[in-house]
Number of protein chains: 2
Amino acid sequence: MRPNAPGDWDRRKLLFAGAAATAASGLGAGRAYAAANAKGPPGSVLYDVPEDSTKVMGRGVHEDGGYGTRSQFETEVRVKADNPSDVTSWTFTPLASTIGNLTPSGLHFERHHGGIPVIDPARHELFLHGLVDVPKKFALADLKSLPSITRKYFIECSGNTLSEWSKPKGTSVQFTHGLLSTSEWTGVPFATLARAVGLKETSAWVLAEGGDAAVMTRSIPIEKMLSDALIVYGQNGEALRPEQGYPLRLVLPGYEGNTQIKWLRRLQVSDRPFMTREETSAYTDLMKDGRAKLYTLAMDAKSVITFPSGEMMLPKPGHYMIQGFAWTGRGRVQAVDISLDKGKTWLPARIDNVPEPMCTVRFSFPWHWDGGPVVLQSRCIDETGYVQPTRDQLIPLRGENAIYHYNAIQSWAIAADGSVKNVHV
Amino acid sequence: MRPNAPGDWDRRKLLFAGAAATAASGLGAGRAYAAANAKGPPGSVLYDVPEDSTKVMGRGVHEDGGYGTRSQFETEVRVKADNPSDVTSWTFTPLASTIGNLTPSGLHFERHHGGIPVIDPARHELFLHGLVDVPKKFALADLKSLPSITRKYFIECSGNTLSEWSKPKGTSVQFTHGLLSTSEWTGVPFATLARAVGLKETSAWVLAEGGDAAVMTRSIPIEKMLSDALIVYGQNGEALRPEQGYPLRLVLPGYEGNTQIKWLRRLQVSDRPFMTREETSAYTDLMKDGRAKLYTLAMDAKSVITFPSGEMMLPKPGHYMIQGFAWTGRGRVQAVDISLDKGKTWLPARIDNVPEPMCTVRFSFPWHWDGGPVVLQSRCIDETGYVQPTRDQLIPLRGENAIYHYNAIQSWAIAADGSVKNVHV
C-alpha cells in the first residue's frame, strides 16, 4: 500500500517518532503533560498531550483499524440500574452530556429482559402470518431491497422517571430521565409488508415477537402498524446496534419503548390483542382504585432541563444558558416554557431545532442567576394542545401506585452555594 | 450496585454461564456455530452464535463499559489511500454499506495534513482578531454557553473522485466517491461571535487556522462566514471526533472539505484573502491553458449509485433496487435521474429523505435486470437548476490536468456475468 519510496518514508517515520519522544520527555518545544481528565474509555489508547499541538506530528490515519473512536477526554458512559441481574436490567443515557439532538449509538439507553442475544443476520428471518392471505418469511436481504424510510424518532422507556412517583429519588438527570434516546432510524414501513401478504378484513391487532431469551411479545393496534410502524435495520447511518435489536427492530414512533420489539422475528395479525405477560402483569398502569389500565401506548408530552440539573454546581452568580429536551408521543412539540417561580409564571424557551413528529427538541433559555435559591422548571406543550402537568395535577389523577408513564414537570432547586438538587414542589 | 441478594444472583449467573457453555459445546438445544462472516472489528469480543437465540441467555448490560460498539457481524471500515505517509493521507468512507443518510462517526472519511493532534479541550481557545473592534479569546465553555444550532450537512473533500479525470481508476464506490460523509453538526454561528467582537467596515475575508502540525490555514469570504458558518463542537450527538477536529471545527455548509478547518484555534478578519499555501500551491484547479483557478469553494452538484457499484456481483437476472446518494453545495437537491441507456433517456429516481440544504439525499430506483450488459448512471439536479454534467461536457471545459472538483456523471457497467465495473462512457 506504500509504493512510493517506502524506505525513505520509514526513515521519516522514525524522525517523527523521535520528535514525539522528545516532546513526551519534556525536552522539546512541544512539552507533553498529563491532562487531569484524560482517562479515556475502557481499553482505549491514551495519547500524550503535547503543550503545543502544532509542534508535534499527530497520529496517522487508520491507527484505529478503520473505525474511529471518541477522544480520550470524552468519558461519559451509560450507567446501569441498581438491579440484581444484568440480563433483565437497564442503563441510562447521560442526557446532560449529549450534544445536539441525536443520541450517539454507543450511549443509547438499554432495557433488556433476557440479555442481548447474538443473532447472525444472514440466518435471521421475519415471519409475517395470522390473518393474512399469504404468510411470508422475509430474509434481511428481502427487506433491504424494499423502499426504505429514514426518520428521526425518540424512544422512551415507559418506566422513565419512575423514581419520582412519591419522592424525589433520582439524583441526576441521567437517573431521572435517562431512559430516553433519539436516533435516525432506517427501515421498511409495515404497510409495505402488509400489502405483500394481504391483510384479512378482520385484522385489528398485530403481535410482535422478539428473538431474545425473554421472547418479548407485545400487541399493537393495526391502525398504528399501518400508519407509521417501521421494520428497522439501520440506526444513525449503520446497522442497528446489538443493544437496539440487531439485526431487526420494530419502531413505533411515540409509543412506549417496550412495544418497539427488538431482535424482531415474528409478526402475527389477529382480530384481538394477545394479552401477553408484558401487557398484563407488567407495562400496565395501576390506578388509585386498584384497577390497572392496559395499552397506554403513546407517550405523553414531557420535558426536562439538562443544564443545570441534579449533582451539578454553579460556580458563581451570573449568566447561564438553561438547556434541555422536550418531546411528545403525539406529534410535534409546539412550545416549551420555563418557570423560575415554582410555576406562577411561565416564559417561552427557544426551540433549537425544527420540531419533527415524535422527535425530541432541544430548548434553551438565557438566564441570570442572582445567587439566591431558585427552582427551575420546564413544561412541554405539544401540537394537540396538551400541556405537561404539574405533580399536583398528575398525582390526584394517577395516584402513587403506578410505575410507568410518569410525565410531571421536573423541578431542580438551586441553593445559594450553587448546588443543584432534585425537588418536588 | 447489586444490593438485592447478591449471593443468590451469583448463583443464577453461574447457571446462565452453564447453559451457555452447554449450548456452545453443542449438547443443548441452543447449539452454537461459528458464523462465516463474524470477524468483528479489530480488538472486539467475539461471542458464540447460538442456533436459537431464544434458548440461551444473552449478555448483560454494560459489558462494554457503558459505551456500545457494533455487532461482530458488521466489519466495514474506512480504507486508507495508497500514500507513503499516514500523517498526510486520507481514508475513504464505505458508502455502499452505510444505511440511511448519516455517516456513522466511526466511518467519517479522513484527510489530514499533519496527522491527528491530541488537544486538551480544557486548555483549547479560539482567538478571533484582525479587523474587529475588540479581539477576543473564546474558551470551549464560552462557546457552549452561547445559542447553538444543530444541522445535518455533508462534507466532501474537493479531491473526491480525483481518480476519474483521465481513466476509470477507482475500482469501487468507496475509492471513487468515499471522501464524502454526512453528520449532524452542533455549534455556534460565526455571526454570533462577529457581533461579540464587532467587525470593521472593511472586513472582507477571514483566515481560519487549525491547531494541527500542518497549521492548516484557509481564507473564507466574510459573506459565507456571516451567512451559515458554524463553529462546531458536536457531531452526531456527542463531541466532535478527533479525526474531525476535536474539540473545535469550522463547518462551511457546501464548501470544499479542506476549508472547513479542523482543530480550529484562530480566526483573523482581513480586507483581502491571505493567499495561504493550501489555496495557492494546492487546492486550486489547473485549467487546460495552464492557468489555475483560485477559491472554487462551493462544491457542484453530484451523485453516485452505491448499489450496484464497482466490485459487486449481481447473482442473477431479476428485480433490484438501485440506490445511491446525491448532493450539492448550492442548496437543496431538486431531483435525481437514472439512465439505463448511456444517457439517451433519463427517468426520475425516488428521493428517500426530505432534501435539506447542503445535505446528501438517498435515492432509489426499482430496476429489472434482464441479464444483458448495461450501464447504470445517475445525475443530480439542484435547486439552482444546475444539472450534473457528463464527462463529455466536463472535460472540454476543465481539461484533464486538474485534481479537484471532478463532478461528472459516474457510470457502472454490469456485464452478462453480473460483475460491476467502473467505466467511462
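Residues numbered from 1 in each chain as written. Chains lettered and ligands numbered in written order. Predicted model: local features only at pLDDT ≥ 70, side-chain atom pairs only at ≥ 80, totals over all residues. Heavy atoms only, no water.

Asker: Report on the overall build of chain A, specifying residues and quantitative values.
Answerer: From N to C terminus, chain A includes seven helices and 26 strands. Residues classed as buried in chain A amount to 60% of the 425 residues present. Considering only residue pairs separated by 6 or more positions, chain A has 69% of its internal contacts joining residues 24 or more positions apart. (Helix = DSSP H or I, 4+ residues; strand = E, 2+ residues; numbered from the N terminus. Buried < 20%, exposed > 50% of the residue type's maximum accessible area, 1.4 Å probe, protein only. Contact = heavy atoms within 4.5 Å.)

Asker: I'd like a rundown of the interface of chain B and chain A, residues and numbers included.
Answerer: At the junction of the two partners, chain B supplies 102 residues and chain A supplies 102 residues. With both chains or domains summed, chain B and chain A bury close to 8,400 Å², and 57% of this area falls on carbon and sulfur atoms. Applying the counting rule to chain B against chain A returns six salt bridges. The closest approach of N and O atoms between Lys152 of chain A and Glu184 of chain B, which form a salt bridge, is 3.1 Å. Scanning the region where chain B abuts chain A turns up 32 residue pairs in polar contact (both at pLDDT 80 or more). Here the side of chain B that touches chain A takes four residues from strand 8 (residues 149-156) of chain B, the largest share from any one element. Within the side of chain B that touches chain A, the residues separate by chemical class into 39 nonpolar, 35 polar and 28 charged. (Buried area = accessible area lost by both parts, 1.4 Å probe. Salt bridge = Lys/Arg side-chain N within 4 Å of Asp/Glu carboxyl O. Polar contact = N/O pair within 3.5 Å; in protein donor to acceptor, adjacent residues only side chain to side chain. Nonpolar A, V, L, I, M, F, W, Y, C, P; charged D, E, K, R; others polar.)

Asker: I'd like a rundown of the relation of the copies chain B and chain A, residues and numbers included.
Answerer: Structural alignment of chain B on chain A gives an RMSD of 0.0 Å, achieved by rotating through 180° and translating 0.0 Å along the axis. Such a turn and shift between the copies fits a two-fold axis. The C-alpha atom lying nearest the rotation axis in chain B is that of Asn236 of chain B; the distance is 4.1 Å. Residue by residue, 100% of the interface of chain B is reproduced at the interface of chain A, so both copies engage with the same surface. (Least-squares fit on C-alpha atoms with pLDDT ≥ 70 in both.)

Asker: Could you give me a rundown of helix 7 (residues 391-398) of chain A, with the residues and numbers involved?
Answerer: Residue and element names in this part refer to chain A. Where helix 7 is concerned, the buried positions are Arg391, Leu394, Ile395 and Arg398. Along helix 7, the residues classed as buried sweep out an arc of 95° about the axis, all on the same side. Facing away from the buried side of helix 7, by more than 90 degrees, are the exposed residues Asp392 and Leu397. In the core, the buried residues of helix 7 are packed alongside strand 16 (285-286). Where helix 7 terminates, the next one or two residues include Gly399, which has phi positive at roughly 75°. (Arc of directions from axis to C-beta.)

Asker: Outline the pairing of strand 24 (residues 374-382) of chain B, supporting the account with residue identities and numerical values.
Answerer: All names here are of chain B. Buried residues dominate strand 24, accounting for eight of its nine residues. Bridge count for strand 20 (residues 333-339) against strand 24 is six bridges, and the pairing is antiparallel. Bridge pairing in strand 24 links Val336 to Cys380. In this sheet, strand 25 (residues 411-414) lies alongside strand 24 in antiparallel orientation, the contact comprising four bridges. Residue Val375 lies in a different strand from strand 25, and its bridge partner there is Ala413. (Pairing = 2+ DSSP bridges.)

Asker: Tell me about the pattern of salt bridges, residues and numbers included.
Answerer: Residues and elements named next belong to chain B. All told, the structure shown has 50 salt bridges over all chains when counted by the stated rule. Notably, a salt bridge pairs Asp52 with Lys55, separated by 3.3 Å at the nearest N-O pair. We classify Asp52 as partly exposed; its relative accessible area is 23%. Taking the relative accessible area as the measure of exposure, Lys55 reaches 52% and is therefore exposed. Its salt-bridge partner being Asp86, residue Lys80 comes within 3.1 Å of it at the nearest N-O pair. Looking at Lys80, the relative accessible area reads 21%, which means it is partly exposed. You can call Asp86 buried: its relative accessible area is 12%.

Asker: Outline the nonpolar core, supporting the account with residue identities and numerical values.
Answerer: With 52 residues, the main nonpolar core has Phe190, Met225, Ile231, Leu250, Leu264 and Leu267 of chain A as its most contacted residues. Not counting residues within four places of it along the chain, the set of residues in contact with Leu264 of chain A comprises His124, Glu125, Leu126, Ala208, Glu209, Gly210, Ile231, Leu248, Arg249 and Leu250 of chain A. If you look at the next biggest cluster of nonpolar residues, it comprises 51 residues, including Ile99 of chain A together with Ile222, Tyr233 and Met358 of chain B. (Core = buried A, V, L, I, M, F, W, Y, C linked by side-chain atoms within 4.5 Å.)

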